[in-house]
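Each chain, letter by letter, is given below.
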Amino acid sequence: MKTNTSTIQGVLSIAALICLVAGFFKIFSPEINEFLYNRLFYLLIGMSFFFQAPTLSNRNFLYPMYAAAALCVVGAFMRQDSQLEMIKTIGLFAGVILSIVGKPKITRS
């Protein structure tokens with residue numbers, strides 16, 4: 001089961017990265033680029049954080065990671081001109097920090 005979760009999380013992360021690159025380099029029409037860069041990226045990264053949360057080594061980071069995922073997903077659906085739209089960026093930074101701090105320890109034999 002852990003392998004399936006890791007695989008799903010990895011695929012979502014790669015898809016989010018592709019959306020980010022495509023939107024940044026403006027490969028498609030302005031409407032599609034905006035959707036990829038400002039909506040789909042945050043939706044995918046939020047789902048990735050959701051699948052990553054149970055794999056964190058520190059259980060104290062479980063619910064904060066779920067909160068970061070929720071901020072990304074909710075922020076992805078907000079209007080661009082909303083003042084609360086920045087919550088998706090807060091969720092992104094929180095999720096990245098939690099991912100780095102809470103990653104499982106690798107033991108070498």
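Conventions adopted
Residues numbered from 1 in each chain as written. Predicted model: local features only at pLDDT ≥ 70, side-chain atom pairs only at ≥ 80, totals over all residues. Heavy atoms only, no water. Patch = residues over 30% accessible without salt bridge, like charges linked within 9 Å, V, L, I, M, F, W, Y side chains within 5 Å. Areas by Shrake-Rupley, 256 points an atom, 1.4 Å probe, with all protein chains shown as cover. Salt bridge = Lys/Arg side-chain N within 4 Å of Asp/Glu carboxyl O. Helix = DSSP H or I, 4+ residues; strand = E, 2+ residues; numbered from the N terminus. Expected span 1.5 Å × (residues − 1). Buried < 20%, exposed > 50% of the residue type's maximum accessible area, 1.4 Å probe, protein only. Arc of directions from axis to C-beta. Contact = heavy atoms within 4.5 Å. Core = buried A, V, L, I, M, F, W, Y, C linked by side-chain atoms within 4.5 Å. Phe/Tyr/Trp six-rings, centres within 6.5 Å; stacked < 30°, edge-to-face > 60°.

### Topic: a nonpolar patch on the surface
Residues Leu17, Val21, Phe24, Phe25, Ile27, Phe28, Ile32 and Tyr37 make up a contiguous nonpolar surface patch of about 810 Å² in total accessible area. Contributing elements (two or more residues each) for the nonpolar patch: α1 (2-24) and α2 (30-52). No other element matches the 3 residues that α1 contributes to the nonpolar patch. Mapped onto the elements of the fold, Val21 is located in helix α1.

### Notes on helix α4 (residues 87-101)
Along its 15 residues, α4 runs 21 Å from first to last C-alpha, staying within 8% of the 21 Å computed at 1.5 Å per residue. Residues Ile87, Lys88, Gly91, Leu92, Gly95, Leu98 and Ser99 constitute the buried set of α4. Mapping the buried residues of α4 onto a view down its axis gives an arc of 140°, with all of them on the same face. Structural note: α4 exposes Phe93, Ile97 and Ile100 on the side pointing more than 90 degrees away from its buried face. The elements touched by buried residues of α4 are α2 and α3 (62-76).

### Side note on the nonpolar core
Counting residues in each nonpolar core, the largest one holds 21 residues, and the members touching the most others are Phe41, Ile45, Phe49, Met65 and Leu92. Contacts of Ile45, omitting those with residues within four sequence positions, involve Ala16, Cys72 and Leu92.

### Topic: the packing of aromatic side chains
With the rule as written, the count across this model stands at 5 aromatic pairs. Measuring from centroid to centroid gives 5.3 Å for Phe50 and Tyr66, while their planes differ by 45°, and the two rings are tilted. Of this pair, Phe50 sits in helix α2 while Tyr66 is found in helix α3, placing the two residues 16 residues apart along the sequence. A relative accessible area of 26% means that Tyr66 is categorised as partly exposed. Linked through ring pairs, Phe50, Phe51, Tyr63 and Tyr66 together constitute an aromatic cluster.

By themselves, these are just geometric observations and shouldn't be taken as functional.
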